[in-house]
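Chain by chain, the residues run as shown.
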Amino acid sequence: MRVPDTNQNSPTKAYVFALATSAVATALALPLRDYLNPANAVMFYLLGVILTAARYGRRASIAASIFAFLAYNFFFTKPYYTFYVNDYKDVLTLLLLLVSGIIAGAQTSKLQAERNFFRTKEHNTSVLYAMSNELTATRGREQIVATTSHHIEEAFNAQAIVWSPSTKLEVLREEQAARWAYEHQQSSGLGTTTLPGAQGYYIPLKGTEYVLGVMPRTHQSFTADEREMIHTFANLAASALERTDIAEMAEKTKVEAEGEKLRNALLSAVSHDFRTPLSSIKGVISSLLMEDNRLQPDDKKELLASAHGEVARLERIVSNLLEVTLLDSGKLKLKQDYYFLPELVGNALKQTESVLQGRKIACQIPPNLPALYVDGLLIEQVLVNLLENAAKYTPEGSPVALHCNAYAGQVKIVIEDEGSGIPAGEEEKIFDAFHTAVTTQPRKGSGLGLAICRGILQAHEGNIKVENRSEGGAIFTIILPVGAVPVMTEVV
């Protein structure tokens, strides 16, 4: 990708080309010597000088002017084929040819150098622009290092490495040069006064712990312009790496803040949700110990039943905490099989029979629904959590509706209640762990039930959403994919 500099070619090749242009000019003009004004032959030689200047620069054009001067003197001034000149007018023509050739060659060489300069600048700008765009869209240290190395290698015909103090280089001198650049925050290696015997040119990426090393494949030192360009590349890479470090630090801070928030929420949930059942159990045990002889058998049975219910409540809280932990860690293992929806709904209604007591349950399940390939116990847990949630946040005795249907390879389960609904803006937040909707009613749970529902359904590649009923209340919609029916093979 480097734009070639025409002035950097082999001097021998340049002088041979200058001599060749004079020879070609002579070969073209000599047959016409008797028909042309001798001064017109000068144009052939000037053309050769200009071509040489455009291709090989100022020094080669001066050589071409001298060759043209000698060739014109030898072939076009009388006496021919000697370097002696009889007519003073021919001397003037020769001098004008030499001076004109040198001036024309110098101007052409200058224009060509300027053209190459602007071509190089334009090319470098486009390369830097492409690298800047790519780095803007690149995330992660490894990708940034790879992008930087790729662009530098193409731009400078060199091998590029990004070194850090934790890595080792195969050649000790290269590692010493890179380490010196890192420790002193200055360039080192090829073309510098520090370890100039190194094969690479090393630049510290300031603001980071990396050093950029560029090793030309031509084994020649970089020019001042090339070193400046390499520093520009290095600055871009350093900015990208520093941006990545800041982003990672921000993400780490965010994760720590979320972890602290989760710990606080967990402590709050445990202190609140454990305290009530434990107090009830403690009260029952105290009553039994103090009033054992004066309590009737029916009273004892009622107290024990109350304690049993509170123990079951504690068991559900602990189970929910464990399930949230498994869901967050991704360690929840599904034990999937084929289940029919009436079976799952029936089991969920049976488990919530006590909390739904006194309510009218409207259940509509079409008979032709396909079987679901799910973990039956977990899907039952989802239904239980939603039914218990409906019982907690709706007036006592209000009805609950559950209906199902299938469409486009999916089964939809809808649970509706006639409570106060979901406050505006809480439709997504209520599925976060330890979040409970802001209502006028006191807190009634740990805020884990709906989070568990969403985690279980996502593990089944399903989904859950909530919306408010126009008549009042909430509508929870469960969407589950229908698994392929297994192919039955006959066993012989």
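The rules behind these values
- Residues numbered from 1 in each chain as written.
- Predicted model: local features only at pLDDT ≥ 70, side-chain atom pairs only at ≥ 80, totals over all residues.
- Heavy atoms only, no water.
- Pairing = 2+ DSSP bridges.
- Helix = DSSP H or I, 4+ residues; strand = E, 2+ residues; numbered from the N terminus.
- Axes fitted to C-alpha atoms, helices over the stretch in contact; angles between N-to-C directions.
- Contact = heavy atoms within 4.5 Å.
- Salt bridge = Lys/Arg side-chain N within 4 Å of Asp/Glu carboxyl O.
- Buried < 20%, exposed > 50% of the residue type's maximum accessible area, 1.4 Å probe, protein only.
- Parallel < 35°, antiparallel > 145°, perpendicular 65-115°, else oblique.
- Left-handed = near helix turned anticlockwise from the far one by under 90°.
- Nonpolar A, V, L, I, M, F, W, Y, C, P; charged D, E, K, R; others polar.
- Core = buried A, V, L, I, M, F, W, Y, C linked by side-chain atoms within 4.5 Å.
- Phe/Tyr/Trp six-rings, centres within 6.5 Å; stacked < 30°, edge-to-face > 60°.

Chemist: Which parts of the structure should I look at to understand the sheet that holds strand S10 (residues 463–468)?
Modeler: The 5 strands lie next to each other as S6-S8-S9-S11-S10, forming an open sheet whose pairing is mixed. Looking at which strands have only one partner, the edges of the open sheet turn out to be strand S6 (361–364) and S10. Each strand of the sheet is rotated relative to its neighbour by a mean of 15°, with strand direction disregarded. The sheet strands contacting helix H11 (residues 449–459) are S10 and strand S11 (474–481), and the helix crosses S10 at an angle near 135°.

Chemist: Got a minute to help me understand the side chain of Thr 147 in this structure?
Modeler: Position of Thr 147 relative to the elements: it lies in helix H5 (residues 141–156). Contacts of Thr 147, omitting those with residues within four sequence positions, involve Glu 134, Leu 135 and Thr 138.

Chemist: What is the right way to look at the pattern of salt bridges in this model?
Modeler: One side chain can pair with another of opposite charge once the charged atoms of both are near each other. Within this structure, the stated rule accounts for 6 salt bridges. One salt bridge connects Glu 175 with Lys 168, and the closest N-O pair in it is separated by 3.7 Å. For Glu 175, a relative accessible area of 9% translates into the label buried. Here Lys 168 falls in the exposed class, since its relative accessible area comes to 70%. Measuring nitrogen to oxygen at the nearest pair gives 3.1 Å for the salt bridge that ties Glu 416 to Arg 469. Highlighted residues: Glu 416 in strand S9 (residues 410–417) and Arg 469 in the loop between S10 and S11, separated in sequence by 53 residues. Here the two residues Glu 416 and Arg 469 agree in accessibility, since each one is buried. Salt bridges sharing common partners tie together Arg 141, Asp 245 and Glu 248.

Chemist: Just checking my understanding: could you explain the sheet that holds strand S1 (residues 158–163) for this structure?
Modeler: Strand pairing in a sheet takes place through backbone hydrogen bonds and is either antiparallel or parallel in direction. On the basis of which strands lie adjacent, the open sheet formed by 4 strands has the order S1-S4-S3-S2 and antiparallel pairing. A single partner strand is all that each edge strand has here, and the edge strands are S1 and strand S2 (188–189). When strand S3 (residues 201–205) meets strand S4 (residues 210–216), the two strands line up antiparallel, connected through 5 bridges. Among the inter-strand pairings, Tyr 202 is bridged to a residue of S4, identified as Gly 213. Each of S1 and S4 touches H5; the most contacted strand, S1, lies at about 155° to it. Set on the sheet, helix H6 (residues 172–184) makes contact with S1, S2, S3 and S4; between it and S3 the angle comes to about 35°.

Chemist: Whenever I open this one, the packing of helix H2 (residues 41–56) against helix H3 (residues 58–76) confuses me. Can you help?
Modeler: With their axes 8 Å apart at the nearest point, H2 and H3 run at an angle of 160° to one another. With respect to their mutual orientation, H2 and H3 come out roughly antiparallel. Here H2 and H3 pass one another in a crossing that is right-handed. Residues Ala 41, Val 42, Tyr 45, Val 49, Thr 52, Ala 53 and Tyr 56 of H2 form the contact with H3, whose participating residues are Arg 58, Ala 60, Ser 61, Ala 64, Ser 65, Ala 68, Ala 71, Tyr 72 and Phe 76. In terms of residue class, the contact of H2 with H3 is built from 12 nonpolar, 3 polar and 1 charged.

Chemist: I tried to follow the nonpolar core on my own but got confused; where do I start?
Modeler: Among soluble globular proteins, nonpolar side chains are generally buried collectively. Counting residues in each nonpolar core, the largest one holds 38 residues, and the members touching the most others are Leu 341, Leu 383, Leu 386, Ile 413, Ile 464, Phe 476 and Ile 478. The biggest single contributor to this core is helix H10 (residues 376–392), with 9 residues. For Phe 476, the residues in contact, after removing those within four places along its chain, are Leu 386, Asn 389, Ile 413, Val 414, Ile 415, Ile 430, Phe 431, Leu 450, Ile 464, Lys 465 and Val 466. In this structure, Val 127, Met 131, Ile 144 and Ala 234 belong to the second largest nonpolar core, which totals 25 residues.

Chemist: I would appreciate a short explanation of the packing of aromatic side chains in the present structure.
Modeler: Aromatic ring pairs: the centre-centre distance and the angle between the two ring planes describe each pair. The tally for this structure, following the rule as stated, stands at 15 aromatic pairs. Measuring from ring centre to ring centre gives 6.2 Å for Tyr 45 and Phe 76, while their planes differ by 80°; the resulting arrangement is edge-to-face. Here Tyr 45, found in helix H2, pairs with Phe 76, found in helix H3; they are 31 residues apart in sequence, far enough to count as distant. Assessed through its relative accessible area of 5%, Phe 76 is described here as buried. The interplanar angle of 45° and the centroid separation of 4.7 Å between the aromatic rings of Tyr 338 and Tyr 373 together place this pair among those described as tilted. Taken as a pair, Tyr 338 in strand S5 (residues 337–339) and Tyr 373 in strand S7 (residues 372–374) lie far apart in primary sequence, 35 residues in all. Overall, Tyr 338 belongs to the partly exposed group, its relative accessible area being 27%. Grouped by ring-pair contacts, the aromatic residues Phe 74, Phe 75, Tyr 80, Tyr 81 and Phe 83 constitute a single cluster.

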